[in-house]
Amino acid sequence: MYKLVRPIFFAQKPERAHAFFQSLGSLLARSPFKSLIKFFYDFEDSRLHVEALGMSFKNPIGLAAGFDKHAKLSEFLPALGFGFTEIGSVSARPAEGNPKPRLFRLPEDRALINRMGLNNEGAEVIAHRINGQHLEIPLGINIVKTNDSLIMGADAISDFCASFQTLYQLSSFMVINISCPNTADGKTFEDPVTLDSLLRALRAAETKFTMRKPTLIKLSPDVSEEVLDQILVVTKKHHISGYVVMNTSVARAGLKTSDATLESMGKGGLSGEPIKTWAVELVSYIYKKLDKPFIIGCGGVSSAEDAYDLIKAGATLVELYTGLIYEGPGLVKQINKGLVQLLQRDGYKTIQEAVGTYKPEP
Ligand SMILES: Cc1cc2nc3c(=O)[nH]c(=O)nc-3n(C[C@H](O)[C@H](O)[C@H](O)COP(=O)(O)O)c2cc1C
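Thresholds, definitions, all that
Residues numbered from 1 in each chain as written. Predicted model: local features only at pLDDT ≥ 70, side-chain atom pairs only at ≥ 80, totals over all residues. Heavy atoms only, no water. Helix = DSSP H or I, 4+ residues; strand = E, 2+ residues; numbered from the N terminus. Buried < 20%, exposed > 50% of the residue type's maximum accessible area, 1.4 Å probe, protein only. Contact = heavy atoms within 4.5 Å. Areas by Shrake-Rupley, 256 points an atom, 1.4 Å probe, with all protein chains shown as cover. Lys, Arg positive; Asp, Glu negative; His and termini not counted. Charge placed at Lys NZ, Arg CZ, Asp CG, Glu CD. Near = heavy atom within 4 Å. Polar contact = N/O pair within 3.5 Å; in protein donor to acceptor, adjacent residues only side chain to side chain. Nonpolar A, V, L, I, M, F, W, Y, C, P; charged D, E, K, R; others polar. Pairing = 2+ DSSP bridges. Axes fitted to C-alpha atoms, helices over the stretch in contact; angles between N-to-C directions. Salt bridge = Lys/Arg side-chain N within 4 Å of Asp/Glu carboxyl O.

1. Regarding the overall build of the protein
Within the protein, the secondary structure is distributed over 13 helices and 13 strands. The principal-axis extent of the C-alpha atoms belonging to the protein is close to 50 × 45 × 45 Å. Every one of the 362 residues in the protein was classed for burial, and the buried ones make up 59%. In the protein, 74% of the contacts between residues at least 6 apart in sequence involve partners at least 24 apart. Carbon together with sulfur atoms contributes 56% to the accessible area of the protein, which is approximately 15,800 Å² in total. Mean positive and mean negative side-chain charge positions of the protein (41 and 39 charges, respectively) differ by 4 Å.

2. A few points about the site of the ligand
Every one of the 26 residues lining the ligand counts as a neighbour, but A65, S89, K218, G300 and T322 are closest to it. Backbone polar atom of A65 to an oxygen atom of the ligand: 2.7 Å apart, as the coordinates give it. Taking K218, its side chain carries an N or O atom lying 2.8 Å from an oxygen atom of the ligand. Calculation on the ligand without its partners gives an accessible area of 610 Å², and the protein chains cover 98% of this total. Its residues placed into classes, the shell around the ligand shows eleven nonpolar, 13 polar and two charged.

3. What to know about the side chain of T146
With respect to the secondary-structure elements, T146 resides in the loop between β7 (139-143) and α5 (153-167). At 3.2 Å, the side chain of T146 and the backbone nitrogen of R93 are in polar contact. Here the side chain of T146 touches D159 through a polar contact of 2.7 Å, side chain to side chain. Not counting chain neighbours up to four residues away, the residues in contact with T146 comprise S91, A92, R93, P94, I151 and D159.

4. A short note on the sheet that holds strand β3 (residues 61-63)
Overall, parallel pairing links the eight strands, which are arranged β3-β4-β7-β8-β9-β10-β12-β13 in a closed barrel. Geometrically, the sheet is characterised by an average inter-axis angle of 25° between neighbouring strands, direction not taken into account. Relative to strand β12 (residues 295-298), strand β10 (residues 242-245) is paired through three bridges, and the arrangement is parallel. Among the inter-strand pairings, Y243 is bridged to a residue of β12, identified as I295. Each of β3, β12 and β13 (317-320) touches helix α10 (residues 304-313); the most contacted strand, β13, lies at about 140° to it.

5. Thoughts on the pattern of salt bridges
One pass over the full model with this rule turns up 18 salt bridges. Where E75 meets R30, a salt bridge forms, and the shortest distance between an N and an O atom there is 2.7 Å. Taken together, the residues span a long stretch of sequence, with E75 in the loop between β3 and β4 (84-90) and R30 in the loop between α2 (14-29) and α3 (33-41) at a distance of 45 residues. Overall, the relative accessible area of 12% leaves E75 in the buried class. With a shortest N-O distance of 3.0 Å, D309 and K276 are connected by a salt bridge. Of this pair, D309 sits in helix α10 while K276 sits in helix α9 (residues 276-289), placing them 33 residues apart in sequence. Take D309: its relative accessible area is 27%, and that puts it in the partly exposed class. Residue class for K276 comes out buried when judged on its relative accessible area of 17%.

So this is what it looks like as structure tokens:
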């Protein structure tokens, strides 16, 4: 079905098509059609249940940050079969993001390039929206420093703390985005010393809440192994609950899309099929390095096999974004059904048994 409507979607500019889907989704969320959509797209199987971060996930497949930046779809997404969703990135203050065009399709590579620049309505507006919602699945809230390069140093940390405090209690888990490649200062907190100060401030901000929420760090594939190791040391010191691995990449290696087309698109983060291998490698590296931490794997997932590869590499949960653009809303059910078959094939009783079981060929 999606294969038939995809050409109509793809005839629209990517951001316009996205806005259309968003309006449709939020309309359907409060209509009787939601149950019908759920009937077609949802998939239940107890072998997919995951207990993690002190909560239950009905399946391991979630929506990655950036798709539902403003939490307008949180009530609709369970109908598409997701086990959880992550909204954002949300910043303390509203931000317009970069000038358009800032989102590009690479159909030959089944990929996207974006330099959205952290456009969002700001923590207060989004907190207000979530407050009025009935949430059926765990909600991750991804926060980021406001995209304004005048906010620096101690002010940048206060800015992060402000969105953290506004949104913390509304979340099932928080994700700290330190790896946005699309703003001048989006990666400032990848510096281990700055990250140490940020995490200390967030831990202090957290003490005022009686009910503690897990806090994860979203990592980039574009840091050197040396810096990554330092980031892991700092995050471990601050008892971070886990990692979202990974964000988009500035790399362009191995793409089928011509150099001229890539040049015309300009800068931005690459997502989708070409980054899948990097995501599996990074998940595997961190899983081994930190002795089985909690990881949400993300990057290039568009089939059950892709999700399974991330799980076997060490991811307890998996997120996707770009796959949904190319495969359509039936993808989540397709992945969950496929995962059950892969578990049966490999003799696992539950999806949790498969986590971290990847063994490289001798
Ligand atoms: C258009 C677009 C916007 C994104 N915005 C965000 C964002 O605001 N915050 C964030 O942490 N990640 C953002 N991401 C990154 C995704 O969450 C994800 O890490 C990345 O796309 C890799 O997954 P995928 O290959 O399944 O798309 C964005 C990705 C895309 C394509």
